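Working through the structure, step by step
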Amino acid sequence: MGLFNARIRYALAAAVDLAMQPGDRPVQSRDISRRQQIPAPYLGQILSALKAAGIVRSVRGAGGGYVLAAPSDRLTVLDVVSAVTEGENLFHCDGESSSAVPGQCVNAVLKGLEEDVQQRVIEGLRSTTIAALAAKKQRGDARLTMRHGI
């Protein structure tokens, strides 16, 4: 069972892809889409959200594309996740809609545990940089699977 939904996985894969490019060379979305196996229309939505959050910027003209807006060692996984979840609670109880009050599960006994786990996950996301993910991917770390098969 994966913790992240497809939107988060795709956003992280795109950010790591950009971080792995030499220098500040712009990358076209079709190249990211092909390398990371992300459907092009969906990637367009994700890149728009990342751009709105100031995580990527677009470069116009011949040879244009997308680049990270800040050094990858200053961008955290939490930055990327926050950009594409738009403030949604990371976790929802089974059967609960996304409009539910965060932390309120059907079984109130689990409320404290849910909040504690969410805080630990958020701290882990905050302490992990995009550069760290890119370095793991470059080393071929099998534990780094943003998408199955990548």
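Residue numbers restart at each chain and count upward from 1, following the sequence in its written direction. With pLDDT at 70 or above as the cut-off, local features in this predicted model cover only qualifying residues; side-chain atom pairs require 80 or more to be listed or tallied, and sums for whole chains, interfaces and linings still use all residues. Each side-chain value is worked out from all heavy atoms of the structure, with water and hydrogens disregarded.

Now for the pattern of salt bridges. Each reported salt bridge corresponds to a side-chain nitrogen of Lys or Arg within 4 Å of a carboxyl oxygen of Asp or Glu. Throughout the structure, instances matching the rule amount to 4 salt bridges. D31 is the salt-bridge partner of R34, the closest N and O atoms lying 3.5 Å from each other. Of this pair, R34 and D31 both sit in helix α2 (residues 29-36), 3 residues apart, roughly one helical turn. A helix here means a DSSP run of H or I that spans at least four residues, while a strand means a run of E at least two residues long, and both kinds are numbered starting from the N terminus.

Throughout, an axis means a line fitted to C-alpha atoms (over the contacting stretch in the case of helices), and angles, computed between N-to-C directions, take values from 0 to 180 degrees. Between helix α4 (residues 77-85) and helix α5 (residues 111-127), the least distance of the axes is 5 Å, while the angle of their chain directions is 115°. With respect to each other, α4 and α5 are oriented roughly perpendicular. Residues V77, L78 and V81 of α4 form the contact with α5, whose own contacting residues are I122, L125 and R126. In this count, Pro and Cys sit with the nonpolar residues alongside Ala, Val, Leu, Ile, Met, Phe, Trp and Tyr, while Asp, Glu, Lys and Arg are called charged and the others, Gly among them, polar. In terms of residue class, the contact of α4 with α5 is made up of 5 nonpolar, no polar and 1 charged. Comment on the angle field: the value is read as roughly parallel under 35 degrees, roughly antiparallel over 145, roughly perpendicular from 65 to 115, and oblique elsewhere. When checking whether two residues touch, look at their non-hydrogen atoms; a contact exists if any pair is within 4.5 Å.

Looking now at the nonpolar core. Among soluble globular proteins, nonpolar side chains are generally buried collectively. Within this scheme, the nonpolar core is defined by two criteria: the residues are buried Ala, Val, Leu, Ile, Met, Phe, Trp, Tyr or Cys, and they are joined through side-chain atoms within 4.5 Å. Burial status follows relative accessibility: with a 1.4 Å probe on protein chains alone, a residue under 20% of its type maximum counts as buried, one over 50% as exposed, and anything between as partly exposed. Counting 35 residues, the largest nonpolar core has L50, V80 and I130 as its most contacted members. When contributions to this core are tallied by element, the ones reaching two or more residues are α1 (6-19), α3 (40-52), β2 (65-68), α4, α5 and α6 (130-139). The element best represented in this core is α1, accounting for 9 residues. Setting aside chain neighbours within four positions, we find V80 in contact with A11, L12, A15, L50, I55 and I130.

Quick look at α5 now. Along an α-helix, a turn takes 3.6 residues, which lines up residues three or four apart on a common side. Here α5 is 17 residues long and its end C-alpha atoms lie 24 Å apart, about the 24 Å a rise of 1.5 Å per residue gives. Here α5 has its buried residues at E114, Q118, V121, I122 and L125. The arc enclosing the buried residues of α5, seen along the axis, measures out at 100°, which places them on a common side. Across α5 from its buried face, at more than 90 degrees, point the exposed residues L113, R120 and S127. Those residues of α5 hidden inside the fold are in contact with α4. Residue count minus one, scaled by 1.5 Å, sets the expected span of a helix. In this context, the arc is that of the directions from the helix axis out to the C-beta atoms.

When two rings of Phe, Tyr or Trp (its six-membered ring) have centres within 6.5 Å they constitute a pair, described as stacked for plane angles under 30 degrees, edge-to-face for angles over 60, and tilted for the intermediate range. Per the counting criterion, the structure on display carries 1 aromatic pair. On the numbers, 5.4 Å between centres and 80° between planes, the contact of Y10 with Y42 is edge-to-face. Taken together, the positions of Y10 in helix α1 and Y42 in helix α3 put the pair 32 residues apart, joining distant regions of the chain. Looking at Y10, the relative accessible area reads 11%, which means it is buried.

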